[in-house]
Amino acid sequence: MLSDEIVTARQRANLTQEELAARTGLSVRSIRNLESARVTRPRPATVRLLRDVLGLPAHPSPSARLRPMQLPLEIPGFTGRRPQLEQLDRLLDGGPRRMSSVVVGVLSGRPGIGKTALALRWAHRSAARFADGVLHVHLGGSDPKKPAVTPSEALGCLIEALDVPGGVPCGPAARAGLYRSALAGRRMLIMLDDARDADQVRPLLPGVPGCMVVVTSRDRLTGLVVGEAAHPVVVDELAPCEAWQLLQARLGERRLSAEREAARQIVARCAGVPRALAVVAARAAVQPRLPLAELARQLR
Ligand SMILES: Nc1ncnc2c1ncn2[C@@H]1O[C@H](COP(=O)(O)OP(=O)(O)OP(=O)(O)O)[C@@H](O)[C@H]1O
Ligand SMILES: [Mg+2]
């Protein structure tokens, strides 16, 4: 393990030497010695601790592999969700279990409540902790116009992104096997957006620890919570002050303070559902002269 590798990974994870020492249980002096290359051959246990906390792969490949970063753009003006973001942080940091099993977080809630926005926000924030990159598949589980993506189709997309020699095999079993082989020893975040049910997700879970999976679904995916010890993360309504912040981020403080009562009515009538707030804000944004009172009236 090279000193440069430690410094780069530590800075990418936004940690000071002291914070890295606290997380690994190593002394600050040891970290300094390693980073300054005063110590060049650390003990294997030290390397394991550092790799784990810094999200470095257990067996780094000698050749530079493609590091996929498939996350779509996160929404600007993201508000609230602190408890859920912290819950996801804890899952990623989470103690000995993290070493021994694949960590799966299931973000569930009603349509438009902000599951995808939250998952993207957290994934962008945490991407640097996944040394081998981030995969993203949209599973189309709630699209009334199209059938949901099959596990085999999703595996095809995932394998393509993993840049496996030989390409995508034909049958679902071969795809599942190749996918799991390709993930073994890699440290990746896999975001599965808009899952229909647990059966759609199960074949997309890695076979060995090292990766983290974040699933969003309108369904609670209880089957995954029971069978695969997935961690439920409930996405519920925004608090009125968060809803106000959402409107403020999109329309500006000036427009809101010019019509405070109407803005309050919009917040109340959207009942903490971000998609409803985003739709109203979009209407107001495209018609800058439209009074907010008129929009509030339309929501009655
Ligand atoms: N925390 C947030 N801050 C600001 N805007 C948000 C937030 N959450 C969601 N939004 C807005 O609400 C819209 C709907 O959110 P999102 O697509 O995440 O809902 P969803 O729960 O994934 O819905 P679906 O069940 O249809 O997949 C987003 O496009 C975004 O504009
Ligand atoms: Mg969604």
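Residues numbered from 1 in each chain as written. Chains lettered and ligands numbered in written order. Predicted model: local features only at pLDDT ≥ 70, side-chain atom pairs only at ≥ 80, totals over all residues.

Enquirer: I'd like to hear about the environment of Leu192, residue by residue, with values.
Expert: Structurally, Leu192 can be placed in strand S3 (residues 189–195). If we ignore the near neighbours within four places in the chain, the residues touching Leu192 are Val137, Leu139, Val201, Leu204, Val213 and Val215. (Helix = DSSP H or I, 4+ residues; strand = E, 2+ residues; numbered from the N terminus. Contact = placed C-beta atoms within 7 Å.)

Enquirer: Which residues make up the site of ligand 1, and what values go with them?
Expert: Close to ligand 1 lie 22 residues, the nearest being Gly114, Lys115, Thr116, Ala117 and Pro274. Mapped by element, the contributors of at least two residues to the shell around ligand 1 are helix H7 (115–126) and helix H15 (274–286). Two domains each provide a minimum of three residues to the shell around ligand 1, namely domain 2 (82–234) and domain 3 (240–298). (Near = placed C-beta within 6 Å. Domains from an automatic or database assignment.)

Enquirer: Describe helix H14 (residues 260–270), with residues and values.
Expert: Each α-helix turn comprises 3.6 residues. Residues three or four places apart therefore point the same way. Residues of H14 that are buried: Ala263, Ile266, Val267 and Cys270. Burial along H14 is one-sided: seen end-on, the buried residues are contained in an arc of 100°. At its buried positions, H14 is contacted by helix H12 (240–251), helix H13 (253–258), H15 and helix H16 (292–298). In the stretch just after H14, Ala271 is the one whose phi turns positive, near 50°. (Buried ≥ 20, exposed ≤ 12 C-beta atoms within 10 Å, placed from the backbone. Arc of directions from axis to C-beta.)

Enquirer: Let's hear about the nonpolar core: which residues, and what values?
Expert: One finds Leu158, Leu192, Val215 and Leu247 to be the most contacted residues of the largest nonpolar core, which totals 76 residues. Non-local contacts of Leu158, meaning those with residues more than four positions away in its chain, are made with Leu135, Val137, Tyr179 and Leu204. (Core = buried A, V, L, I, M, F, W, Y, C linked by C-beta atoms within 7 Å.)

Enquirer: An account of the sheet that holds strand S4 (residues 212–217) is needed here, citing residue identities and associated values.
Expert: Sheet strands line up and pair through hydrogen bonds in the backbone, either parallel or antiparallel. If you walk across this open sheet you meet the five strands as S2-S3-S4-S1-S5, and the pairing is parallel. In this open sheet, the two edge strands, each paired with only one partner strand, are strand S2 (134–138) and strand S5 (231–234). Here the strands of the sheet are splayed against their neighbours by 20° on average, with no regard to which way each runs. Note that strand S1 (residues 103–108) and S5 share four bridges and pair parallel. Of the residues in S5, the one forming a bridge with Gly105 is His231. The strands touched by helix H5 (residues 82–93) within the sheet are S1, S4 and S5, with S5 carrying the most contacts at an inclination of about 165°. (Pairing = 2+ DSSP bridges. Axes fitted to C-alpha atoms, helices over the stretch in contact; angles between N-to-C directions.)

Enquirer: Run through the packing of helix H8 (residues 151–161) against helix H9 (residues 172–183), naming residues and quoting values.
Expert: Relative orientation of the contacting elements H8 and H9 amounts to 40°, with a least axis distance of 9 Å. It follows from the interaxial angle that H8 and H9 lie oblique. In this structure, the crossing between H8 and H9 has a hand that is left-handed. The residues of H9 that touch H8, namely those facing Pro151, Ser152, Leu155, Gly156, Leu158 and Ile159, are Pro172, Arg175, Ala176, Leu178, Tyr179 and Ala182. Residues that form the contact of H8 with H9 fall into these classes: nine nonpolar, two polar and one charged. (Parallel < 35°, antiparallel > 145°, perpendicular 65-115°, else oblique. Left-handed = near helix turned anticlockwise from the far one by under 90°. Nonpolar A, V, L, I, M, F, W, Y, C, P; charged D, E, K, R; others polar.)

Enquirer: Tell me about unusual backbone geometry, and name the residues and values.
Expert: Note on backbone geometry: most residues besides glycine have negative phi, and most peptide bonds are trans. Notably, Asn14 is not glycine yet its phi reads approximately 60°, a positive angle. Along the chain, Asn14 turns up in the loop between helix H1 (3–12) and helix H2 (17–24). In this structure, Ala229 takes a positive phi of about 50° despite not being glycine. Assignment of secondary structure puts Ala229 in the loop between helix H11 (222–227) and S5.

Remember that the coordinates give geometry; whether it matters functionally is a separate question.
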